[in-house]
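If you want the building blocks of each chain, they are given just below.
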Amino acid sequence: MQNFRAPWWLPGGHLQTIWSALVARRSLGAQAVLPWRRERWETPDGDFVDVDFLAVPAARAAPLLVLFHGLEGSSSSHYPQAMAQVCAAKGWQLAVPHFRGCSGEPNRLPRAYHSGDADEIAWILAGMKQRAAGEVLAMGVSLGGNALACWAALQQERAKDWIRAAAVVCAPLDLTAGGNRLGKGLNRWLYTRMFLRTLVPKALGKWELSPGLFDKSALLRARDLRAFDDVFTAPVHGFKDAEDYWCRASAKPLLKQVRLPMLLLNARNDPFVPENSLPAESEVSECIQLWRPLHGGHVGFASGRWPGHVLAMPQAVADWLEQQLTDQTTGKE
């Protein structure tokens, strides 16, 4: 992926992002979408999390990859579906936990999910470790990647007791930089409107269940993620305001604390994540490997002949994770 280049007919980060999500193929085989098996996990606080497992036979002791999706993502997003193809080919198990409210059914409690939700990551991974007969690996994409990186950093050495390695893909590790980028220009018109189209109705649903939970009129005036986070995400999840949330939930300041093998993959033309906000090698621990291809967009990485496919990134990430299992089995540092 370090040398990844998008097809000549797919120039620029915006096109590489949008085309990959909406048009590019998620499989090279005849079966475009592999089946999922859903489990509902009851949470300790009286809510639930829906987890989709790849419903393809795998050995009981096969590695289990836990994939945390991005903002308003799900197992129907292009990257879990592409990763399902890769895991099936490797004989791995795959689980996609849905953050609260993202599985197609509203969750029960006022809380939803956020970029620094390390406690939710911890609870889910503990459940995965308990049920897995083989090694557990983790991958986080965008928002889910930042949350996974926060969890790994806060756990430090203890993270190795739960998973063997982690991959973080296209995460806005500096939430302030990413939030400001999404609030400007074409990004505001293209992506922010898309996110708010689902985030606002979900928040209004919570207001109906808990009137007075937040300032409803301010929510209806929100036109960017800063305004939405200021009125809903921050106060509902224990932050003072959007600035406090973006600062305290960013993984970037914590990356020196990571003690398990971790891959950070960010395309340098990602329209969501400014290149100058990405962590330098001096800002991360020795356990972290940085991949910074010139092309890819935001969770795009389409390749191949027209109309392209999105298997290159999942294949490369799975190969890297597999190498970590091999290195640890042989004792290689």
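The structure contained in this document is the topic of the report that follows. Once a new chain begins, its residue numbering starts again from 1 and follows that chain's sequence as written. Local features in a predicted model are, by the rule used here, given only for residues with pLDDT of at least 70; side-chain atom pairs are given and counted only at 80 or more, and totals for whole chains, interfaces and linings are based on all residues. The side-chain figures draw on all heavy atoms in the structure; neither hydrogens nor water molecules are used.

## Re the overall build of the protein chain
Rules: Each helix is a run of DSSP H or I of at least 4 residues and each strand a run of E of at least 2, with the numbering of both proceeding from the N terminus. The globule rule used here is 2.2 Å times the number of residues to the 0.38 power, and the radius of gyration it is set against is calculated over C-alpha atoms. Residue exposure (1.4 Å probe, protein chains only): buried if accessible area is under 20% of the type maximum, exposed if over 50%, otherwise partly exposed. Contact between two residues is taken to exist if any of their heavy atoms lie within 4.5 Å; hydrogens are not considered. Note that accessible areas follow from Shrake-Rupley with a 1.4 Å probe, and for residues the cover is restricted to the protein chains shown. By the counting rule applied here, Lys and Arg register as positive and Asp and Glu as negative, while His and the ends of each chain are not counted. In this description, the location of a charge corresponds to atom NZ of lysine, CZ of arginine, CG of aspartate or CD of glutamate.
Looking only at helices and strands, one finds 10 helices and eight strands in the protein chain. For 333 residues, the compact-globule estimate of 2.2 N^0.38 gives 20 Å, and the protein chain sits close to it at 19 Å. With the C-alpha coordinates of the protein chain rotated into their principal frame, the extents come out at 55 × 45 × 45 Å. Split into buried and exposed, the 333 residues of the protein chain put 57% on the buried side. Relative to all contacts within the protein chain whose residues are 6 or more apart in sequence, the contacts with residues 24 or more apart total 78%. Surface summary for the protein chain: the accessible area is close to 14300 Å², and the carbon and sulfur share equals 53%. Looking at charge distribution, the protein chain has the averaged site of its 36 positive side-chain charges lying 5 Å from that of its 32 negative ones.

## Topic: the packing of aromatic side chains
What counts is decided by this rule: Aromatic contacts are taken between Phe, Tyr and Trp rings whose centres are within 6.5 Å, Trp giving its six-membered ring; a plane angle under 30 degrees counts as stacked, one over 60 as edge-to-face, and the others as tilted.
Per the counting criterion, the structure on display carries 13 aromatic pairs. Taking the centre distance of 5.5 Å and the plane angle of 5° together, the rings of F99 and Y113 count as stacked. Taken together, the residues span a long stretch of sequence, with F99 in the loop between β4 (93-97) and α3 (118-131) and Y113 in the loop between β4 and α3 at a distance of 14 residues. Neither F99 nor Y113 differs from the other in exposure class; each is buried.

## Quick look at the sheet that holds strand β2 (residues 48-54)
Hydrogen bonds between backbone atoms are what pair the strands of a sheet, whose relative direction is either parallel or antiparallel. Selection criterion: The rule for pairing is simple: two strands pair if DSSP sees at least two bridges between them. In this analysis, axes come from line fits to C-alpha atoms, helices being fitted only over the stretch in contact, and the angle between any two N-to-C directions falls in the range 0 to 180 degrees.
Judged by pairing direction, the sheet is mixed, and its eight strands sit side by side in the order β1-β2-β4-β3-β5-β6-β7-β8 without closing on themselves. Looking along the sheet, the strands with just one partner apiece sit at the ends: β1 (36-42) and β8 (288-291). Sheet twist, expressed as the mean angle between neighbouring strand axes with direction ignored, is 20°. In the sheet, strand β7 (residues 262-265) pairs with β8 via four bridges, with the strands oriented parallel. Across the sheet, the residue bridging to M262 is I288, located in β8.

## Thoughts on the pairing of strand β3 (residues 64-68)
β3 sits mainly inside the fold: five of its five residues count as buried. Alternating positions in β3 separate into two faces, L64, V66 and F68 on one and L65 and L67 on the other, with burial throughout. Sheet analysis places β3 next to β4, joined by three bridges and oriented parallel. Within β4, the position partnered with V66 by the bridge is A95.

## What to know about helix α1 (residues 13-22)
Within α1, the full set of buried residues consists of G13, Q16, T17, W19 and S20. Those residues of α1 that are buried are in contact with α2 (78-90) and α6 (185-209).

## Remarks on the pattern of salt bridges
Rule in force here: Just to be clear on terms, a salt bridge is a Lys or Arg side-chain nitrogen sitting within 4 Å of an Asp or Glu carboxyl oxygen.
Tallying each qualifying case throughout the model produces 20 salt bridges. As a salt-bridge pair, E208 and K216 come within 3.8 Å of each other at their nearest N and O atoms. D244 serves as the salt-bridge partner of R248, at 2.9 Å between the closest nitrogen and oxygen. Here R248 pairs with D244, and both are found in helix α9 (residues 242-248), just four residues apart, close to one helical turn. Note on R248: relative accessible area 51%, which makes it exposed. Here the salt bridges share partners, and the residues they tie into one network are R38, R40, D50, D52 and E105.

## Examining the side chain of S142
Spelled out, the test is: Polar contact is defined as a pair of N or O atoms within 3.5 Å, subject to the rule that within protein one atom must be able to donate a hydrogen and the other to accept it, and that residues adjacent in sequence are counted only when both atoms are side-chain atoms.
Within the secondary structure layout, S142 lies in the loop between β5 (136-141) and α4 (143-155). Classification of S142 as buried rests on a relative accessible area of 11%. Among the polar contacts listed, one links the side chain of S142 to the side chain of H298, at a separation of 3.0 Å.

## Brief notes about unusual backbone geometry
Backbone torsion omega between W306 and P307 reads 5°, so that peptide bond is classified as cis. Structurally, the position occupied by P307 is in the loop between β8 and α10 (312-330). Despite not being glycine, Q156 shows a phi value in the positive range, around 55°. Note on placement: Q156 falls in the loop between α4 and β6 (166-169). Residues other than glycine seldom take positive phi values, yet F301 does so here, at roughly 60°. Along the chain, the position of F301 falls in the loop between β8 and α10.

## Regarding the nonpolar core
Threshold: What makes a nonpolar core is a set of buried Ala, Val, Leu, Ile, Met, Phe, Trp, Tyr and Cys residues whose side-chain atoms join them at distances within 4.5 Å.
Of all hydrophobic cores here, the largest spans 62 residues; its most connected members are L125, M128, L148, W151, F232, M262 and L264. The dominant element in this core, judged by the number of residues it contributes, is α4, at eight residues. Not counting residues up to four positions away in its chain, the partners in contact with W151 are A118, I121, A122, L125, A159, W162 and I163. The next biggest cluster of nonpolar side chains, apart from the first, holds 43 residues, and it includes W92, F301, A316 and A318.

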